[in-house]
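Analysis of the macromolecular model
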Amino acid sequence: MPDIVDIAVGAGSFSTLVAAVQAAGLVETLKSPGPFTVFAPNDDAFAKLPPGTIQTLVQNTPQLARILTFHVVSGKLTKADLSQLGTVTSVEGSVIPIDCSDTFEVKNATVLAADIEADNGIIHVIDTVMLMG
């Protein structure tokens with residue numbers, strides 16, 4: 001089974017996320033055994049950011065890595081697992097609120113596709129790049 005990075009590369013709708021993960025030096029981490037739960041913003045999510053934001057972040061690797069690790073949780077958590085928790089703590093250290101009451105939302109993002117299995121975890125595709133705070 002492919003790992004989280006291989007799935008993101010192969011999907012074709014995560015080119016910005018893949019480029020950001022590469023720029024932040026997180027490829028090896030996300031290819032490691034994990035397991036990880038990744039809330040993966042698709043290319044449309046990155047397109048919602050103000051113009052120039054991505055370029056600025058790529059030039060500020062520590063901030064880019066912090067934002068990316070805010071989208072990662074240790075462990076393999078399905079939608080069913082997350083709905084029982086209410087919140088999870090990201091690898092970055094901040095709390096991410098989970099709402100599965102009507103729709104499946106994490107912080108300010110709606111989950112577009114849930115429970116995509118990877119060899120080293122699980123991916124939930126989201127429509128917005130989440131920011132701490």
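Report follows, based on the coordinates.

What follows concerns the side chain of Asp127. Looking at where Asp127 falls in the secondary structure, it is placed in the segment after strand S7 (121–126). Within the structure, the side chain of Asp127 is placed 2.8 Å from the backbone nitrogen of Thr110, a separation counted as a polar contact. Residues in contact with Asp127, not counting those within four places in the same chain, are Ala45, Lys48, Ala109, Thr110 and Leu112.

Right, let's talk about the sheet that holds strand S5 (residues 105–106) for a bit. Spatially, the seven strands line up as an open sheet ordered S2-S1-S7-S6-S5-S4-S3, and their pairing is mixed. In this open sheet, the two strands that pair with only one neighbour each are strand S2 (72–74) and strand S3 (87–89). By the bridge criterion, six bridges tie strand S1 (residues 36–41) to S7 in an arrangement that is parallel. Looking across to S7, one finds that Ala40 is bridged to Val125.

Along a regular strand, successive side chains alternate from one face of the sheet to the other. The sheet contact formed by S5 and strand S6 (residues 109–118) spans two bridges and is antiparallel. By the bridge assignment for S6, Val106 is matched with Ala109. Taking the residues between adjacent antiparallel strands as the criterion, S5 and S6 are bridged by two residues, where Lys107 takes a positive phi near 55 degrees. Sheet analysis places S6 next to S7, joined by five bridges and oriented antiparallel. Across the sheet, residue Val111 finds its bridge partner in S7, namely Ile126. If you look at the hairpin formed by S6 and S7, you'll find two residues sitting between the two strands.

Let us now look at the nonpolar core. One finds Phe39, Leu68, Ile96, Ile98, Val106 and Met130 to be the most contacted residues of the largest nonpolar core, which totals 43 residues. Among all residues touching Leu68, those that are not within four sequence positions of it are Leu17, Ala20, Val21, Ala24 and Leu26.

By the secondary structure assignment, Lys107 is in the loop between S5 and S6. Judged by its relative accessible area of 26%, Lys107 is partly exposed. Taking C-alpha positions, Lys107 is 10.0 Å from Gly133, a pair spaced 26 residues apart along the chain. Excluding anything up to four places from it in sequence, Lys107 contacts Phe70, Ile96, Pro97, Met130, Leu131, Met132 and Gly133.

Of all six residues in S7, six are buried; the element is thus mostly enclosed. Side-chain alternation along S7 places Gly121, Ile123 and Val125 on one buried face and Ile122, His124 and Ile126 on a second face that is also buried.

This part is about the environment of Pro41. Among the structural elements, Pro41 can be located in strand S1. Using a relative accessible area of 1% as the deciding quantity, one classes Pro41 as buried. Linking Pro41 and Val129, residues 88 residues apart in sequence, is a C-alpha distance of 5.6 Å.

Attention shifts here to unusual backbone geometry. Of note, the bond from Gly34 into Pro35 is cis; its omega dihedral lies within 30 degrees of zero at 0 degrees. Take Pro35: it is sitting in the loop between helix H3 (27–31) and S1. Even without glycine at this site, Asp115 takes up a positive phi of about 60 degrees. Structurally, Asp115 can be placed in strand S6. Since its relative accessible area comes to 32%, Asp115 is described here as partly exposed.

Rules of the game
Residues numbered from 1 in each chain as written. Predicted model: local features only at pLDDT ≥ 70, side-chain atom pairs only at ≥ 80, totals over all residues. Heavy atoms only, no water. Helix = DSSP H or I, 4+ residues; strand = E, 2+ residues; numbered from the N terminus. Polar contact = N/O pair within 3.5 Å; in protein donor to acceptor, adjacent residues only side chain to side chain. Contact = heavy atoms within 4.5 Å. Pairing = 2+ DSSP bridges. Core = buried A, V, L, I, M, F, W, Y, C linked by side-chain atoms within 4.5 Å. Buried < 20%, exposed > 50% of the residue type's maximum accessible area, 1.4 Å probe, protein only.

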